[in-house]
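Coordinates in review
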Amino acid sequence: GPERTGAAPGAPWPDILRGLEPLWQVKLDKGYPGPIVDASRAYVAETEKGDTETVRALDRKTGKELWKVSWAGKHSVPFFAKKNGDWIRATPAFDGQTLYVAGMEEVLVALEAATGKERWRVDFPKRFQTPKPDFGFSSSPLLDGDTLIVQAANSVVKLNKRTGETIWRALEHKADIMDSGAFSSPAMATVRGRRQLLIQSRTNLYGMDPANGAVLWSQEVPHYRGMNILMPTVWN
C-alpha cells in the first residue's frame, strides 16, 4: 500500500468485481514496477527492446500518453533469475511532484512529474566505486520528508530528495553475489515507541536510526542462499 504497511486505506473493496468494464488499455513492454497513480495521471516504468528504460505519464481518464522519458539501461542477471527477465524491477517512489525511478544498473533518476524533465540522477556504482548489483536494482526507494532512502551500493544510503546529495551511508556489505544488491525495500515504522528505519538485507533484518544510520538492533532471518526478498511489515 501507499504507506508500506501491507494495507490499502480507503473504502472497502467489493467482494465481487463482476460487471466492471475496462475504460482504456495501453500496451507496455517488459517490467515489474507497479503503476503510480495520482488524481489525474498514471506513471509506468518499463524496459523497451531489452536495452532502454522508459517512464511514461498517462492520462488517467483516457490512457493518452502525456510524456515519455528514456535512457540506456541494459543489465544481464545471472543463472536462475534469467528466466524471469533482465528488465526493470523496482516500483518508483512519488512525492506528488517528483518520480524517483530506480533503473537496473543502479542509477536513480528523479523526474519532474508534470513534464518528465530530469531533475537529477545518481549513479551509485560510480559515486561509491561499487560493482553493479548482479540481480539489478530491485529495491524500491523510500521517501521520508525531504529525504530519500535507498538500499544501493551494497549499503543503505540517505539522499537529499531535491538534489540527490548523500546525507549518510551505512550498513555496507560485501560485494560478492551472495550479499550484494538488496531485494527487499526499506520501510519506516514506530517500534517500541521509537521511530525506526527497517532494513531487510539478504540475510538480516535491521532497525536503524533514520537520522544518522546507526544500527539499533539486528536479527538474522532464515534465508536460502542469501535471498530474503519480502519487505518487512510491522503489526502493532
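Structure first, text after, so check above.
Note that this is a predicted model, so its numbers are computed, not measured. By convention here, each chain's residues receive numbers from 1 onward along its written sequence. Per-residue local features of the predicted model are confined to residues with pLDDT of at least 70, and side-chain atom pairs are confined, for both listing and counting, to 80 or more; whole-chain, interface and lining totals are unaffected and use all residues. Excluding hydrogens and water, the side-chain values take into account all heavy atoms of the structure.

Stacked, tilted and edge-to-face pairs are distinguished by plane angle, under 30 degrees for stacked and over 60 for edge-to-face with tilted covering the rest, among Phe, Tyr and Trp rings (Trp via its six-membered ring) whose centres lie within 6.5 Å. Applying the stated criterion across every chain, the model contains seven aromatic pairs. Seen in terms of ring centroids, Phe124 and Phe128 are 6.4 Å apart; in terms of plane orientation they differ by 10°. Their pairing is stacked. With Phe124 and Phe128 both in helix H1 (residues 124–128), this residue pair falls four residues apart, about one helical turn. Each residue is placed in one exposure class: buried if its accessible area under a 1.4 Å probe, protein chains only, is under 20% of its type's maximum, exposed if it is over 50%, and partly exposed if it falls in between. For Phe128, a relative accessible area of 18% translates into the label buried. Taken together through their ring pairs, the aromatic side chains of Tyr43, Trp67 and Phe94 make up a single cluster. A cation over a ring is seen here: Lys30 above Trp87, with NZ or CZ 5.5 Å from the ring centre. We call a charge positioned above a ring when the Lys NZ or Arg CZ atom is no farther than 6 Å from the ring centre and deviates by at most 35 degrees from the ring normal. Directly above the aromatic system of Trp71 lies the positively charged group of Arg121, at a separation of 5.6 Å from the ring centroid. Helical segments are the DSSP runs of H or I of at least four residues, strand segments are the runs of E of at least two, and each set is numbered from the N terminus.

Among the secondary structure elements, Thr147 is positioned in strand S10 (residues 147–152). Here Thr147 falls in the buried class, since its relative accessible area comes to 11%. A contact between two residues is defined here by any heavy atoms of the two lying within 4.5 Å. Non-local contacts of Thr147, meaning those with residues more than four positions away in its chain, are made with Leu142, Lys158, Leu159, Lys161 and Ile167.

Just distances and angles here, no functional claims.
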